[in-house]
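Listed here are the chains, written in short residue letters.
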Amino acid sequence: MLIPSILRWFATCLSGHRVPAGLCLALLGLLVGGCDSVWNDPYPAAERGANILYSSFVDRPKTLDPARAYAEDEWAFIQQIYVPPLQYHYLKRPYELVPHGAAQMPQVRYFDERGKPLPDDAAQKDIAWSEYEIHVRPGMRFQPHPAFAVDAGGRSRYLTLDAGAVGRYRTLADFEATGTREVTAEDYVYQIRRLAHPRLTSPIFGHIAHYIEGLDALGKRLATDYAKAVADYQATHGKADPGYPWIDLRDYPLAGVTVVDRYTYRIRVRGVYPQFVYWLAMPFFAPMAVEAEQFYAQRGMNNGRNLTLDWYPVGSGPYMLTVNNPNARMVLERNPNFAGETYPAEGAPGDEARGLLADAGKPIPFIERVVFSREKESIPLWNKFLQGYYDRSGIASDTFDQAVSVGFEGQASLTDEMKAKGIALQTSVATSTFYLAFNFLDPVVGGESDAARHLRQALSIAVDWEEYIAIFANGRGIAGMGPLPPGIFGFVEGEAGVNRTVYDWVDGKPRRKSLDEARHLLAQAGFPNGRDAKSGAPLVLYLDTVSRGPESKSVLDWYRRQFAKLDIQLEVRLTDWNRFQEKIRQGRTQLFFLGWNADYPDPENFMFLLYGPQARAQGGGENAANYRNATYDAMFQRMQAMPNGPERQAIITDMVHLLQADAPWIWGFHPKDYSLVHDWVFNLKPSKMGQNGLKYLRIDAERREAQRSQWNQPVRWPLVVLLLALVFSAGLARRAWRRRDLRLGRAGT
Amino acid sequence: MTSYLLRRLVYALVILLAVNLLTFMLFFVVNTPDDMARMQLGSKRVTPEAIERWKQEKGYDKPRWHNPEAPGIEQFTRTIFFEKSVRLFLFEFGNDIDGRSIRGEILDRAGPSLALAVPVFLVGLALNVTFALAMALFRASVLDLWGVVVCIALMSISSLFYIISGQYLVSKAFALVPISGFSGGWDALRFLALPILVGVAAGIGSGTRFYRTLFLEEMGRDYVRTARAKGLPESAVMFRHVLRNALIPILTGVVAVIPTLFMGSLIAESFFGVPGLGSYTIDAIQSQDFSVVRSMVYLGSVLYIVGLVLTDISYTLVDPRVRFE
């Protein structure tokens, strides 16, 4: 009876009238009692217990068109929607390509310059063309989409709409009918032609046109024809019209890509390019229905509605995009027309013990819907994961200690708090490398002279990446011995793979050489004690970087300390990203920090970063250090076209040894990816190559619901306290007011 | 009044033209069309031909200010500045660099921004004025002293602290509302309760102190003494006289802010997952999207000018001595 009495007293103070105690009790009861459900669930109540996976994204995708998308956050969506001919085996490591849209792995045939077939073991120099024959899996169907809708007479319903008719539709859901059709070889070929379309500006066109016969010529022809079509379109509709003319690419034959029959097509590639099959696992080579292009190209579709292929993909994969609000929420739903794929029956050693083969042979996907919510900040994302509202999460630096404890030997394990929640830790070394590059065009640190090489070697010893990884990456990484990260063919573990320029092998593990050895090398380079032996001037090196802000300051201070170990002054030149890139393109840097994520799991994709003809300053390629070594280049050319095997391994080992001695990069580190997953998520195996893994995941929605309910019971007493505090304050204020008026003798006027 | 508004309209056009010019100059001092292309095409395998194609497709292949190769007036109209800027005056914003309609984005994002900003503004204003009145009423008392101390303490805390501690306490420890997210309809209340609470709390220190100063200044005037000498109750003195006369400086700050509420809040929207306009401009600057930057700067300028005109108009409503001249 105490609380109602207090409430009644406050109410009396407020109004001067008695308030029914029942009303106060009802209010209090609502706060103290209430229903049992959780209050902080960010999802609609109707979704509770449903077979839905909840995930997040940080940056909104720029485009979802498979001819244009090349970023990880774009592929996270479209890899679930589009079906390229090949994919990476979900479980096997090292990564292995398997058929996806293709019925089997492509068959390769070789031809000489005159078109004469060559045997499979023909010498590389004799091979002028490689021809890939791809058989498309019959029975694949596109997702339901208005582009395929037909009327009773079999005519397309929505492919010849005028601007007025288009104006009636705001979203795809407004179209009354949808349809589908089977995916054929023609759809795969159509997409390859799209790579040459000037409107799409495919990021791989410049690279792939060098290989696919006729693609470059098609690009030029399309550029001319499209410019004319645009001029005609603008003459008709005005320059301000946001629409664009549609060109039917079926009218543009491509010499190197031909349809053989309904389910077969061939791609002819210049010379020997074994890495081409990796491109066939990317969305650039997924099928595109001509109807989809024609549908979105209709005038008015992109006029304020965003009805374009960039935002509404039309695929044949396990999922289709049904909600596209890149500012808040993207939703993938199971494509009802997807069938014919099952969970893999074999995996890597240990996968069975980890339960990753429990669903072997079952049809996929298991999950009906995947909801991606945009979370720009790491703190809300982390807290929602802990509350059970996200099924998996990465680990940001500021929450690392809360999630992971690192033992004396560097082994990572979950904290007790995480274990209590049933959270599991997944780690994998990324197929990436980060490095500090020397510009080979620089007169001090670059070039093939012994002095420059000794200077680079000395610095390679001094810059302690193990310390960097411990301080700035929470131990999430391994120091690089060369350009190749673990998991890529050619990487050698243990003593055989250690970088002898920088490390000694002691007690079964690499130990960084002493600073005395680095100083000795520095003296050999002509800079004893960090000073020019001739002039006595201190050695000053320059690091160009875009790192700014308080967080970067500690990293830059760390760099300075590393160089100061050898009495070398490091000047940091802060710049913005544009100027930074420009300086690298022009070869006007001395030292800079860069990274590389593999496109595909082949050593060529890392070794080419130091291939002479790829020099950025001379040829605009990916060799940002402008490293040139004729021996290395010759070995690269041989290695590039070889299949994986002992011979290739031997060449790669020689190349890596050459690089370790030349030290064009200070071999930085290969980051380790740590991610956390709740115990109601099954079949999750991290993969840096195949991003189409959603179809393999399975969840126990009932368990998730129970855990969420247990972890998120609302604590109601703060509301009661707040209410009482408000009432108390109001009562006090009123009383003080009345007293003041009484004291001043002006009450009741 | 009509002539005043017409005059302001003419001034506004000149200001908007200047803002447009300045935005264009500043943007292209930092970014070149080549930089924009590289940002969009990514850093891998980009060829000079791809950059040229991108610029051509997006209309950045022309000279910026003056096109000497074009005939006649087209020397100025066939330029990036003219083609990208002139349609702004008709509020035709075009598409962003990713091909999404800027008008559509603004309309989609304005609702969530307003849903957060308007309650924070109104509730904050009401509480600030109430607390300031109370402190002014009990000036030089213990309540006033501690009130000022609390206000200074509240002002000294970073808004980020309010957000993070609010999310920790209310959403995580007490599990009362979602930490972040947004939804349409009445369900939005669940998501907006915390950001509104945090927004109001973060502004209460500075707001209350500011209004308290205004009220104290008014309370020292002769007419207040006269009102008290007449024997008016303190409530009448405060609400009928002090509050009313303090409205002009309040309006100066408040009315000008109203249109800009539309532009949203950068930090709050980001942390609470509100898909508003707050981060639209920042995102555009980071992605070097000139179309969005110019549109948002233009819109911000228009709204600011509208706010100032509304402030002038509101003066005449609260103070009959003010006339348009």
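As the structure is a prediction and not an experimental result, all values here were calculated from the model.

Conventions adopted
Residues numbered from 1 in each chain as written. Chains lettered and ligands numbered in written order. Predicted model: local features only at pLDDT ≥ 70, side-chain atom pairs only at ≥ 80, totals over all residues. Heavy atoms only, no water. Helix = DSSP H or I, 4+ residues; strand = E, 2+ residues; numbered from the N terminus. Rg over C-alpha atoms; globule rule 2.2 N^0.38 Å. Buried < 20%, exposed > 50% of the residue type's maximum accessible area, 1.4 Å probe, protein only. Contact = heavy atoms within 4.5 Å. Pairing = 2+ DSSP bridges. Axes fitted to C-alpha atoms, helices over the stretch in contact; angles between N-to-C directions. Buried area = accessible area lost by both parts, 1.4 Å probe. Salt bridge = Lys/Arg side-chain N within 4 Å of Asp/Glu carboxyl O. Polar contact = N/O pair within 3.5 Å; in protein donor to acceptor, adjacent residues only side chain to side chain. Nonpolar A, V, L, I, M, F, W, Y, C, P; charged D, E, K, R; others polar. pLDDT = per-residue confidence, 0-100. Parallel < 35°, antiparallel > 145°, perpendicular 65-115°, else oblique. Left-handed = near helix turned anticlockwise from the far one by under 90°. Core = buried A, V, L, I, M, F, W, Y, C linked by side-chain atoms within 4.5 Å. Domains from an automatic or database assignment. Right-handed = clockwise from strand over helix to strand, strands pointing away. Patch = residues over 30% accessible without salt bridge, like charges linked within 9 Å, V, L, I, M, F, W, Y side chains within 5 Å. Areas by Shrake-Rupley, 256 points an atom, 1.4 Å probe, with all protein chains shown as cover. Phe/Tyr/Trp six-rings, centres within 6.5 Å; stacked < 30°, edge-to-face > 60°. Lys NZ or Arg CZ within 6 Å of the ring centre and 35° of its normal. Expected span 1.5 Å × (residues − 1).

**Comments concerning the overall build of chain B**
Check the secondary structure of chain B and you find 15 helices and 0 strands. A compact globule built from 325 residues would reach a C-alpha radius of gyration of about 20 Å, whereas chain B, at 25 Å, exceeds it by more than 25%. Along the three orthogonal principal directions, the C-alpha set of chain B runs to about 80 × 60 × 35 Å. Residues classed as buried in chain B amount to 47% of the 325 residues present. Here the contacts in chain B between residues at least 6 apart in sequence split such that 68% fall between residues at least 24 apart.

**A word on the sheet that holds strand β1 (residues 52-57) of chain A**
Residue and element names in this part refer to chain A. Pairing is mixed in the open sheet, where 4 strands are placed in the order β1-β11-β10-β9. The open sheet terminates on both sides in strands that have one partner only, identified here as β1 and β9 (319-325). Across this sheet, the average inter-strand angle for adjacent strands is 20 degrees, counted without regard to direction. Looking at chain direction, β1 and strand β11 (residues 369-374) are connected through 6 bridges and run parallel. Bridge pairing in β11 places S55 opposite F372.

**Describing helix α12 (residues 247-257) of chain B**
Considered for burial, the residues of α12 of chain B that qualify are I250, L251, V254, V255 and A256 of chain B. Its buried side turned inward, α12 of chain B meets α6 (102-137), α9 (188-219) and α15 (290-318) of chain B.

**Side note on the interface of chain B and chain A**
On the side of chain A, 66 residues touch chain B, which itself brings 58 residues to the contact. Summed over both partners, the interface of chain B with chain A buries about 5500 Å², with 49% contributed by carbon and sulfur atoms. Viewed at the interface, chain A and chain B are joined by 6 salt bridges. Among the salt bridges present, the one from R60 of chain A reaches D96 of chain B, with a minimum N-O distance of 2.9 Å. At the boundary of chain B and chain A, one finds 21 residue pairs in polar contact (both at pLDDT 80 or more). Split by residue class, the side of chain B that touches chain A holds 22 nonpolar, 17 polar and 19 charged.

**Examining the confidence of the model for chain B**
All names here are of chain B. Looking at chain B, the pLDDT average stands at 88 and 99% of residues meet or exceed 70. No element of chain B has a lower mean pLDDT than α12, which averages 82, and none a higher one than helix α8 (residues 159-173), which averages 95. For this predicted complex, the interface confidence comes out at an ipTM of 0.89, alongside a pTM of 0.89.

**Focus on unusual backbone geometry**
Residues and elements named next belong to chain A. The amide bond that connects R93 to the next residue, P94, takes the cis arrangement and shows omega of 0 degrees. Its place among the elements puts P94 in the loop between β2 (86-88) and β3 (97-99). The linkage connecting I364 with the following residue, P365, adopts the cis geometry, with an omega of 5 degrees. The residue P365 is located in the loop between β10 (329-334) and β11 in this model. Phi is positive for N529, which is not a glycine, with a value near 55 degrees. Along the chain, N529 falls in the loop between α15 (515-524) and β20 (540-545). Of note in the backbone geometry, A663 takes a positive phi value of approximately 50 degrees without being a glycine. By the element assignment, A663 lies in the loop between α21 (646-662) and β23 (665-677).

**Brief notes about the packing of helix α7 (residues 142-156) of chain B against α9 of chain B**
Residue and element names in this part refer to chain B. Where α7 meets α9, the axes come as close as 7 Å, and the angle between the chain directions of the two elements is 135 degrees. One finds that α7 runs oblique with respect to α9. As α7 runs across α9, the sense of the crossing is left-handed. Packed against α7, whose contacting residues are D144, V148, C151, I152, L154 and M155, the element α9 presents I204, G205, S206, T208, R209 and R212 at the interface. Classifying every residue of the contact of α7 with α9 gives 6 nonpolar, 3 polar and 3 charged.

**Describing the packing of helix α13 (residues 450-462) of chain A against α15 of chain A**
Residues and elements named next belong to chain A. For the pair α13 and α15, the least separation of the axes is 8 Å and the interaxial angle reads 160 degrees. The orientation of α13 relative to α15 falls into the category roughly antiparallel. The handedness of the crossing between α13 and α15 is left-handed. Taken together, the residues of α15 that come into contact with α13 (itself represented by H454, L455, Q457, A458, I461 and A462) are L515, A518, L521, L522 and Q524.

**So, the side chain of S85 of chain B**
Structurally, S85 of chain B is set in helix α5 (residues 80-85). Setting aside its immediate chain neighbours within four residues, S85 of chain B contacts N20 and I80 of chain B.

**So, the nonpolar core**
Membership of the largest hydrophobic core comes to 143 residues, with the highest contact counts inside it found for I267, F276, W279, F285 and M607 of chain A. A domain-level breakdown of this core finds at least three residues from each of domain 2 (86-295) and domain 3 (433-673) of chain A. In this structure, W279 of chain A is in contact with Y70, I204, H207, I208, Y273, F284, F285 and Y600 of chain A together with R45 of chain B, ignoring residues within four places of it in sequence. Counting 38 residues, the second largest nonpolar core, distinct from the first, contains L521, L539, L543 and I666 of chain A.

**What about the pairing of strand β21 (residues 569-574) of chain A?**
All names here are of chain A. Bridge count between β20 and β21: 6 bridges; the pairing is parallel. Opposite V540, over in β21, you have Q569 as the bridge partner. Crossover β20 to β21 through helix α16 (residues 549-564) is right-handed.

**What about the environment of L459 of chain A?**
All names here are of chain A. Note that L459 resides in helix α13. Along the chain, L459 and A518 lie 59 residues apart, while their C-alpha atoms are 7.1 Å from each other. Once you skip the residues sitting within four places of it in the chain, L459 turns out to touch F438, L541, F563, L566, I568 and I666.

**Looking at a nonpolar patch on the surface**
Together, L21, L22, M25, L26 and W65 of chain B make up an exposed nonpolar region whose accessible area comes to about 470 Å². Relative to the helices and strands, W65 of chain B resides in the loop between α3 (48-58) and α4 (74-77).

**A few points about the packing of aromatic side chains**
With the rule as written, the count across this model stands at 66 aromatic pairs over all chains. For the pair F440 of chain A and Y627 of chain A, a centre-to-centre distance of 4.9 Å together with 90 degrees between the ring planes defines the contact as edge-to-face. Here F440 of chain A is found in the loop between β16 (432-438) and α13, whereas its partner Y627 of chain A is found in the loop between α19 (616-619) and α20 (630-640), with 187 residues between them in sequence. For F440 of chain A, a relative accessible area of 7% translates into the label buried. According to the relative accessible area criterion, Y627 of chain A is buried, its value standing at 0%. Residues F91 of chain B and F93 of chain B carry aromatic rings whose centres are separated by 6.1 Å and whose planes lie at 75 degrees to one another, so their mutual orientation is edge-to-face. Under the relative-accessibility criterion, F91 of chain B is labelled partly exposed at 39%. Among the aromatic residues, those joined into a cluster by ring pairs are Y70, W75, Y88, Y95, Y278, W279, F284 and Y600 of chain A. The cationic tip of R268 of chain A hangs over the ring face of F111 of chain A; the distance from NZ or CZ to the ring centre is 4.9 Å. Its guanidinium or amino end placed over the ring of F682 of chain A, R698 of chain A lies 4.6 Å from that ring's centre, counting from NZ or CZ.

**Things to note about α13 of chain A**
For α13 of chain A, spanning 13 residues, the distance from its first C-alpha to its last is 18 Å, which sits close to the expected 18 Å at 1.5 Å a residue. Within α13 of chain A, 11 of the 13 residues are buried, which leaves the element mostly enclosed by the surrounding structure.

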